[in-house]
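So you can see what is in the structure, the chains are spelled out below.
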Amino acid sequence: MTGIRKRVTIGFLSIVTLLFVSGMISLFELGQLSNDAEMLMSKNRRNMELAKDMFEAMYLQSNAMAHIAVLGERDGYDTLCLNGLVRLETSLTAAYDNSKSNGYLDSLTLSVAELRMLTETFLANVRDENAGTEDENALTAAAARNWFSTRYETSMAKISEQISGYIAFTYKGLAPRAEQLSRNAYRAVTPVLISLLVMIAIVLMLFYFVMIYCVNPVLGINRGLADYLSFKLPFAVKQECRDELQELKENIETLINISKQNKA
């Protein structure tokens, strides 16, 4: 026969086990969700940093080229111009490593290669106003300014547009991943909600069985014993008793019978 202590212990341990298992599942899912969100944000932040570096490299390169082509100043600006190109290419390579597939990067690579060829050709042919001798085949100041306003600025505008497209593509790629994170969040919360509903049902059932098999029999035994002691009414318990409560009822009846025999 299963005793009251064992029944109550099994009931409460079942609740604890259910809550523990569901909690562990939810913690695991939330941990995965946190890692996915952190990875997504880190990757997107890296893309934005690379795009910023590319724009800054463009500015440095464009500023140096303006001094060379428009103002005719070459002292130190050749190096700055080439350094800007190197920084742009380095950021572009890092962007490739950070992105699985991006059509804008392919087009941007071609445009940057075109810009390098354009820049190196110009630097090789532009006339140095401060040089002691002048090359007859070198570009004049007017031709250099015309080259800057037509070919160079057109190329830079194209690169700028492609970098902006790369940024837009990056943000667009966040949508499906954000949706996946949302599904993962629901999956992480679902075990807790299910456990909560099951726990409520178990608690209600436990309340019912405690009232039926414990509280009501105890009240019935107490009332029957009080009626016998106060009014000498027969000891009778209408409620169904089980396990130790049934033994308690039988023991009380035995004591009452022994008491009656002694009085007789």
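Above this text you will find the structure in question.
Residues numbered from 1 in each chain as written. Predicted model: local features only at pLDDT ≥ 70, side-chain atom pairs only at ≥ 80, totals over all residues. Heavy atoms only, no water.

**A look at the overall build of the protein chain**
Within the protein chain, the regular secondary structure consists of five helices and zero strands. Reading the protein chain from its N end, one meets helices and strands in the order α-α-α-α-α. Buried positions account for 29% of the 264 residues belonging to the protein chain. Considering only contacts within the protein chain whose residues lie at least 6 apart along the sequence, 75% involve residues at least 24 apart. Put simply, the protein chain shows about 16900 Å² of open surface, and 61% of that area lies on carbon and sulfur atoms. (Helix = DSSP H or I, 4+ residues; strand = E, 2+ residues; numbered from the N terminus. Buried < 20%, exposed > 50% of the residue type's maximum accessible area, 1.4 Å probe, protein only. Contact = heavy atoms within 4.5 Å. Areas by Shrake-Rupley, 256 points an atom, 1.4 Å probe, with all protein chains shown as cover.)

**Some remarks on the nonpolar core**
In this structure, Leu-108, Phe-122 and Tyr-166 are the most contacted members of the largest nonpolar core, which totals 33 residues. Broken down by secondary-structure element, the contributors of at least two residues to this core are helix H1 (4-69), helix H2 (77-98), helix H3 (103-125) and helix H4 (141-231). The next biggest cluster of nonpolar side chains, apart from the first, holds eight residues, and it includes Ile-221, Leu-245, Ile-252 and Ile-256. (Core = buried A, V, L, I, M, F, W, Y, C linked by side-chain atoms within 4.5 Å.)

**Quick notes on the side chain of Asn-47**
Among the secondary structure elements, Asn-47 is positioned in helix H1. The exposure class of Asn-47 is buried, given its relative accessible area of 5%. Excluding residues within four positions of it along the chain, Asn-47 makes contact with Asn-98, Ser-99, Tyr-166 and Thr-170.

**Examining a nonpolar patch on the surface**
A cluster of nonpolar side chains, namely Phe-20, Val-21, Met-24, Ile-25 and Leu-27, defines an oily patch on the protein surface of about 470 Å² accessible area. Structurally, the position occupied by Ile-25 is in helix H1. (Patch = residues over 30% accessible without salt bridge, like charges linked within 9 Å, V, L, I, M, F, W, Y side chains within 5 Å. Salt bridge = Lys/Arg side-chain N within 4 Å of Asp/Glu carboxyl O.)

**A short note on helix H5 (residues 243-263)**
The end-to-end C-alpha distance of H5, which contains 21 residues, comes to 31 Å, matching closely the 30 Å that a straight helix rising 1.5 Å per residue would cover. Regarding H5, the residues found buried are Asp-243, Leu-245, Lys-249, Ile-252 and Ile-256. (Expected span 1.5 Å × (residues − 1).)

**Some thoughts on H2**
Taking 1.5 Å as the rise per residue, H2 with 22 residues should run 32 Å; its terminal C-alpha atoms sit 31 Å apart, in good agreement. By the burial criterion, the buried members of H2 are Tyr-77, Cys-81, Gly-84, Leu-85, Leu-88, Ser-91, Leu-92, Ala-94, Ala-95 and Asn-98.

**A closer look at the pattern of salt bridges**
With the rule as written, the count across this model stands at six salt bridges. The closest approach of N and O atoms between Arg-116 and Glu-89, which form a salt bridge, is 2.6 Å. Within this pair, whereas Arg-116 is found in helix H3, its partner Glu-89 is found in helix H2, the two being separated by 27 residues in sequence. For Glu-240, the salt bridge goes to Arg-242, with nearest N and O atoms at 3.4 Å. Residues joined by salt bridges that share partners form a network here, namely Asp-53, Glu-56 and Arg-87.

**A word on unusual backbone geometry**
In the Ramachandran plot, Lys-232 falls in the positive-phi region, its phi being about 60° despite a non-glycine side chain. Residue position: Lys-232 is located in the loop between H4 and H5. Relative accessible area serves as the criterion here: at 53%, Lys-232 is assigned to the exposed category.

**Thoughts on the environment of Thr-90**
Among the structural elements, Thr-90 can be located in helix H2. Spatially, the C-alpha atom of Thr-90 lies 9.3 Å from that of Asp-53, the residues being 37 residues apart in sequence.

**Details of the side chain of Gln-162**
Structurally, Gln-162 is set in helix H4. Apart from residues no more than four positions distant in its own chain, Gln-162 is found in contact with Tyr-104, Ser-107, Leu-108 and Ser-111.

**Here's the deal with the packing of aromatic side chains**
Enumeration according to the criterion identifies three aromatic pairs in this entry. On the numbers, 3.9 Å between centres and 5° between planes, the contact of Phe-122 with Trp-147 is stacked. On the criterion of sequence distance, the pair formed by Phe-122 in helix H3 and Trp-147 in helix H4 is long-range, its members being 25 residues apart. For Trp-147, a relative accessible area of 9% translates into the label buried. With 5.2 Å between their ring centres and 20° between their planes, Phe-148 and Tyr-152 make a pair best called stacked. In this pair, Phe-148 and Tyr-152 both sit in helix H4, four residues apart, roughly one turn of the helix. Judged by relative accessible area, Phe-148 falls into the buried class, the value being 8%. When its relative accessible area of 0% is taken as the criterion, Tyr-152 is described as buried. Grouping aromatic residues by their ring pairs yields a cluster made of Phe-122, Trp-147, Phe-148 and Tyr-152. (Phe/Tyr/Trp six-rings, centres within 6.5 Å; stacked < 30°, edge-to-face > 60°.)

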